[in-house]
Amino acid sequence: MAKYNVFDCSIIELDKHHEDRRGNLTVVENGKTLPFDVKRVYYLYDIPGGEGRGAHAHKELEQLIVAASGSFTVTLDDGDCKRSFLLNRPYQGLYVKPGLWRDLVDFSSGAVAMVLASEVYRKEDYIRDYNEFIEFRKQL
């Protein structure tokens, strides 16, 4: 597995269609929009003020994190460097490579975080302890 750092992750502009008074439409398609095929979609919502989500890394999973509504901040950590992204546009997503710790914080009222993932849920892909994450990074 490649050893990615926080600068290997970036905001991806998603196609925005029907930009008129009736509203907008954004499309995500396997094989076109993302550098991976989507095998799982989930979303986070009703997050109480002051609470955070994430606080884990994935060994192999790739993700696109989108603020479908409202805003929040995603901080990525590669063990040496941290980089934060404010997500607040539903036509942009943060592409997160494997092997990086992520924290999602500062959710606005009514925010919805939609996550498109490259794999189905596998418990063994998660690293939920930060010290274990640091050891994992040293082995890459």
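Residues numbered from 1 in each chain as written. Predicted model: local features only at pLDDT ≥ 70, side-chain atom pairs only at ≥ 80, totals over all residues. Heavy atoms only, no water.

Asks: Just to check I follow, could you spell out the nonpolar core for this structure?
Replies: It is characteristic of soluble globular proteins that their nonpolar side chains tend to be buried jointly. Ile-65, Phe-72, Val-74, Leu-76 and Leu-104 are the most contacted members of the largest nonpolar core, which has 19 residues in total. Here the element with the most residues in this core is strand E7 (residues 72-77); it accounts for 3 residues. With residues near it in sequence (within four places) discarded, Phe-72 still touches Ile-65, Val-66, Ala-67, Phe-85, Leu-86, Leu-87, Leu-104, Val-105, Asp-106, Phe-107, Val-112 and Ala-113. Of all hydrophobic cores here, the second largest spans 9 residues; its members include Phe-36, Val-38, Leu-64 and Tyr-95. (Core = buried A, V, L, I, M, F, W, Y, C linked by side-chain atoms within 4.5 Å. Buried < 20%, exposed > 50% of the residue type's maximum accessible area, 1.4 Å probe, protein only. Helix = DSSP H or I, 4+ residues; strand = E, 2+ residues; numbered from the N terminus. Contact = heavy atoms within 4.5 Å.)

Asks: Please explain the pattern of salt bridges as it appears in this structure.
Replies: Two side chains with opposite charge may pair up if their charged atoms get near one another. Evaluation of the coordinates by the stated rule reveals 5 salt bridges. Linking Glu-29 and Lys-32 is a salt bridge whose minimum nitrogen-to-oxygen distance equals 3.4 Å. Among the residues examined, Glu-29 registers a relative accessible area of 37% and is labelled partly exposed. For Lys-39, the salt bridge is made with Glu-119, and the minimal N-O distance between the two is 3.8 Å. Linking Lys-39 in the loop between strand E3 (23-27) and strand E4 (40-44) with Glu-119 in the loop between strand E11 (112-117) and strand E12 (126-127), this pair joins segments that are 80 residues apart in sequence. Beyond isolated ion pairs, a larger network of salt bridges with shared partners links Glu-60, Arg-122 and Glu-124. (Salt bridge = Lys/Arg side-chain N within 4 Å of Asp/Glu carboxyl O.)

Asks: Quick question: what am I supposed to make of the sheet that holds strand E9 (residues 92-96) here?
Replies: Whenever strands of a sheet pair, they do so through backbone hydrogen bonds, lying parallel or antiparallel. Strand order across the open sheet formed by 5 strands is E1-E9-E6-E11-E4, with antiparallel pairing between neighbours. Looking at the sheet topology across the chains shown, the edges are occupied by strand E1 (10-13) and E4. Strand-to-strand twist in this sheet, taken as the mean axis angle between neighbours without regard to direction, amounts to 30°. Two elements, E4 and E11, share 5 bridges in a ladder whose sense is antiparallel. Within the sheet, the bridge partner assigned to Val-41 lies in E11 and is Leu-116. (Pairing = 2+ DSSP bridges. Axes fitted to C-alpha atoms, helices over the stretch in contact; angles between N-to-C directions.)

Asks: How should empty space enclosed by the protein be read in this particular structure?
Replies: Taking a probe equal in size to a water molecule and rolling it over the atoms shows the remaining empty space. Under the counting rule described, the total for this entry stands at 1 cavity of 30 Å³ or more. In this structure, the largest cavity encloses a volume near 60 Å³. Forming the boundary of the largest cavity are Arg-40, His-58, Leu-61, Glu-119, Val-120, Tyr-121, Arg-122, Asp-125 and Tyr-126. When the residues that make up the lining of the largest cavity are grouped by side-chain class, the tally is 4 nonpolar, 1 polar and 4 charged. (1 Å grid on protein atoms, 1.4 Å probe; cavity = no way out; pocket = protein on both sides within 12 Å on 5 of 7 lines; lining within 4 Å. Points joined across faces, edges and corners; volume = space filled by probe spheres on them. Nonpolar A, V, L, I, M, F, W, Y, C, P; charged D, E, K, R; others polar.)

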